[in-house]
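Structure at a glance
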Amino acid sequence: MKPTSGPEEARRPASDIRVFASNCSMHGVGHIFGPGSLSLRRGMWAAAVVLSVVTFLYQVAGRVRYYREYHHQTALDERESHQLVFPAVTLCNINALRRSRLTPNDLHWAGAALLGLDPAEHSTFLRALGRPPAPPGFMPSPTFDMAQLYDRAGHSLDDMLLDCRFRGEPCGPENFTMVFTRMGKCYTFNSGTDGAELLTTIRGGIGNGLDLMLDVQQEEYLPVWKDDDETPFEVGIKVQIHSQEEPPIIDQLGLGVSPGFQTFISCQQQQVPSRVPPHPLQAHTNSNPKPSAPQTCPWASSQMTSHILAESLLNPVPPQLSFLPPPWGDCSSVSLNPNYEPEPSDPLGSPSSSPPYSLMGCRLVCETRYVARKCGCRMMYMPGGAPVCNPQQYKDCAHPAIDAMLHKDGCACPNPCASTRYAKELSMVRMPSRSAARFLSRKLNRSEAYIAENVLALEVFFEALNYETVEQKKAYEMSELLGDIGGQMGLFIGASLLTILEILDYLCELQEGLGSHRTQVPQLSLGPRPPTPPCAVTKTLSASHRTCYLVTRL
C-alpha cells in the first residue's frame, strides 16, 4: 500500500475512504478519492477506472464460462516399441452345428428354433443329412441344454486345425480357449484367461505372428432348408482380433476368411501414455502376494516356451487408449454386473469388481439384461446367473429380442476410459498353386479338390512395432483459468491477489467503525491511557502509514 502524507491524513480514521484510496495498490483509485473538490480530471479518472473494472469483469466471466464448458483436445502420436503384446484372436466356423453330430432328440427339441423345421420334416431332414430317421417308439429326453448341444455338435478345433505356428514355433489346440458366442462354439488364441501369460512379439511382419492352416469341413455343413435371417449361405470362418479385456462380438465385428485363399491380416496397436492404470490382467497377477507355481505353457518346444515367457516378464503389458470422464468427456471405467436386477433406476447397473469395463462388454451385459428382463432367461453365450433359454424361448423370445435391440440400438454404452484397439488391413492370395496342390494333397491326405474347397491359411501379425497413442486432455485447466484472471486483473486494473485482501481489510475496518459508533458515545479524555491488556491487538495510525502491531507480553 502507498504511504500517506500530511497531518490532515494522519488525523483521519483508518476507515476513511480517502485514507484507503491513498494506500490502495489498485491503480487509479487514489486519483478519484484524493484531496480537493470535484473536477473534470477526477471524473475522467473515475470513468476510466469503472470502464477498466467492467472490462475486467467481462473478460473474467468469459474465461469462467469457457472453463465450465469443459472442452478437451485429443492428442495423436506414434511411438516405437521393442516388444508388443500379441492380441487375442478368436475363430468361429460359419457353420454352427455339424451334421454328423445331430440326433433325432436334437431335432425334436431344437429343430424348429434353430433350423425352422416342422415336426413332420424331421425324417426328411435326417435323410438329407445321411442319417437314419428316428426309430419307432422314439422318446425324447425330458430336458434339453442348448449349451451342451453346441459343445457337442459344434466344430472341434482338433479336426479343423491342420497347422499352427506362433513366431515360427509350433502350437496346437491346447493353446486355444473355447468360448461361446452367438455363432456357437469358437476358439480364442492368447486369451490370457486363468492367469495364463500373455504372449508377445519382438518383430513385425509376416512370420512373426500367428500362422494357421484350417479345414472348414464343408461336408459337415447343414443343408439350407429354409431361407430366414439366421440361414448362412457362406463358407469359411470368421476372425476377430481384439484385446484380452474385451469379449468377442464376432457375429458383428468378425472378418470373413474364405477357403482356397491365404489371408494376411496386419495390425497396428493404438495405445495411450503410461499414466493409465496397469493392465487388469497384470494388476491381478501382481496383486497376489503368494508365490505361484510356474504355469505350464503347452508348447512343443520348451526352449521357445521359456524364451517367450521371459520376454513377457521383461516389459509390462502396454497401456491403452485414454479418454476423459465427465464433465470433460463421456467415458466410463465402471464394470457392469450382468445379472438382471428388477430395480430399473440405473440401466447400466452397479459397479462390479470384474470383469474390467469395455465397450463390447457393456453391450453384451446390456443385451443380457434385456433378454433376462423380457424372457426370464439368457442365451448360452451371455454372462450372468440367469438360466439358459430352452429352444422354444430361443425362437419365440430371445432371438427376436436381440434383433429388435440391435435395430433400435437400445444400449447406451460410453467409451471406456482406457482401452486397446487394433487397426487392421486385410489382403489375400489364392491357394494352393498348381505346383503345391499335389504336395499338400500328400501332406494332408486329402484330395486336391477337397483342399481347394475346404482349406485356408491365415496369418495375423503386427505391421511394425510402432503404435499410435490416442489421449484426451483437458483443453483448459484450473491453473490456466487463474493465470488468465491474474493477467486480466493486472492489465485492466493493475491489481493482484493482495489488492483483494486490502479491500477485504478495509471493509472489516469499516464494519468495526460503524459498530463502535452505534454502541459507544464519543468522549474527550485527557487522562492517561488505560493499560493495554496482554496479548491484545492495538491499531496505531502514524503520519507515514497505517500498521497493525501484535503486542505480546513475554
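Located above this text is the structure these notes cover.
Described below are features of the structure shown in this document. Just so it is clear, the model here is predicted, and its values are computed rather than measured. (Residues numbered from 1 in each chain as written. Predicted model: local features only at pLDDT ≥ 70, side-chain atom pairs only at ≥ 80, totals over all residues. Heavy atoms only, no water.)

The next thing to look at is the overall build of the chain. A tally of helices and strands in the chain yields 17 helices and 19 strands. In the chain, of all internal contacts separated by at least 6 residues, the share reaching a separation of at least 24 is 75%. Accessible area of the chain: about 30,900 Å², with a carbon and sulfur share of 57%. (Helix = DSSP H or I, 4+ residues; strand = E, 2+ residues; numbered from the N terminus. Contact = heavy atoms within 4.5 Å. Areas by Shrake-Rupley, 256 points an atom, 1.4 Å probe, with all protein chains shown as cover.)

Two orientations exist for strands paired in a sheet by backbone hydrogen bonds: parallel and antiparallel. Pairing in this open sheet of 5 strands is antiparallel, and the strands run β6-β7-β3-β10-β11 from one edge to the other. Bordering the open sheet on either side are β6 (176–181) and β11 (255–257), each of which pairs with just one other strand. Within this sheet the neighbouring strands show an average axis-to-axis angle of 30°, counted without direction. Where β6 and strand β7 (residues 184–189) come together, 6 bridges link them in antiparallel fashion. Within β7, the position partnered with Phe180 by the bridge is Lys185. Each of β6 and β7 is contacted by helix α7 (residues 146–153), which is oriented at about 135° to β6, the strand it contacts most. (Pairing = 2+ DSSP bridges. Axes fitted to C-alpha atoms, helices over the stretch in contact; angles between N-to-C directions.)

With that settled, consider the state of the cysteines. Tallying each qualifying case throughout the model produces 6 disulfides. Covalent S-S linkage joins Cys92 and Cys186, the inter-sulfur distance amounting to 1.7 Å. Of note, the bridge from Cys92 to Cys186 carries an S-S torsion of about 115° and is right-handed in sense. Residue Cys92 is found in strand β3 (residues 88–93), and its partner Cys186 is found in strand β7; the two are separated by 94 residues along the sequence. Neither residue differs from the other here; Cys92 and Cys186 are each classed as buried. Shown here is the disulfide that connects Cys375 with Cys397, its sulfur atoms set 1.8 Å apart. Classification of the bridge connecting Cys375 and Cys397 rests on its S-S torsion, roughly -90°, and on that basis the disulfide is left-handed. In this pair, Cys375 sits in helix α12 (residues 359–375) while Cys397 sits in helix α13 (residues 391–408), placing the two residues 22 residues apart along the sequence. In this pair, the class of Cys375 matches that of Cys397, namely buried. (Disulfide = S-S within 2.5 Å. Buried < 20%, exposed > 50% of the residue type's maximum accessible area, 1.4 Å probe, protein only.)

Here we take up α13. With 18 residues, α13 ought to run about 26 Å at 1.5 Å a step, and its terminal C-alpha atoms sit 25 Å apart, in line with that. Its maximal kink placed at Ala398, α13 deviates by approximately 35°, while the proline Pro400 follows within four residues. For α13, the set of buried residues is Pro391, Tyr394, Cys397, Ala398, His399, Ala401, Ile402 and Met405. Along its buried surface, α13 packs onto α5 (104–115), α7 and α12. Regarding α13, its N-cap is Asn390, as a side-chain oxygen of that residue lies 3.1 Å from the backbone nitrogen of Gln392 further along. One or two steps after α13, the chain reaches Asp409, where phi turns positive at roughly 55°. (Expected span 1.5 Å × (residues − 1). Bend = angle between axes of the 7 residues up to and from the residue. Polar contact = N/O pair within 3.5 Å; in protein donor to acceptor, adjacent residues only side chain to side chain.)

Moving on, we come to the nonpolar core. Formed by 37 residues in total, the largest nonpolar core has its most connected members in Leu91, Phe176, Leu210, Leu212, Val239 and Leu458. Elements with a minimum of two residues in this core: β3, α8 (157–160), β4 (161–166), β7, β9 (210–215), β10 (237–242), β12 (261–271) and β16 (455–462). Sorting elements by how many residues they give to this core places β16 first, with 4 residues. Beyond its immediate stretch of four places on either side in the chain, Leu91 contacts Phe176, Cys186, Tyr187, Leu212, Leu214, Ile237, Lys238, Val239, Ile250 and Leu458. Membership of the second largest hydrophobic core comes to 28 residues, among which are Met380, Tyr381, Met382 and Ile402. (Core = buried A, V, L, I, M, F, W, Y, C linked by side-chain atoms within 4.5 Å.)

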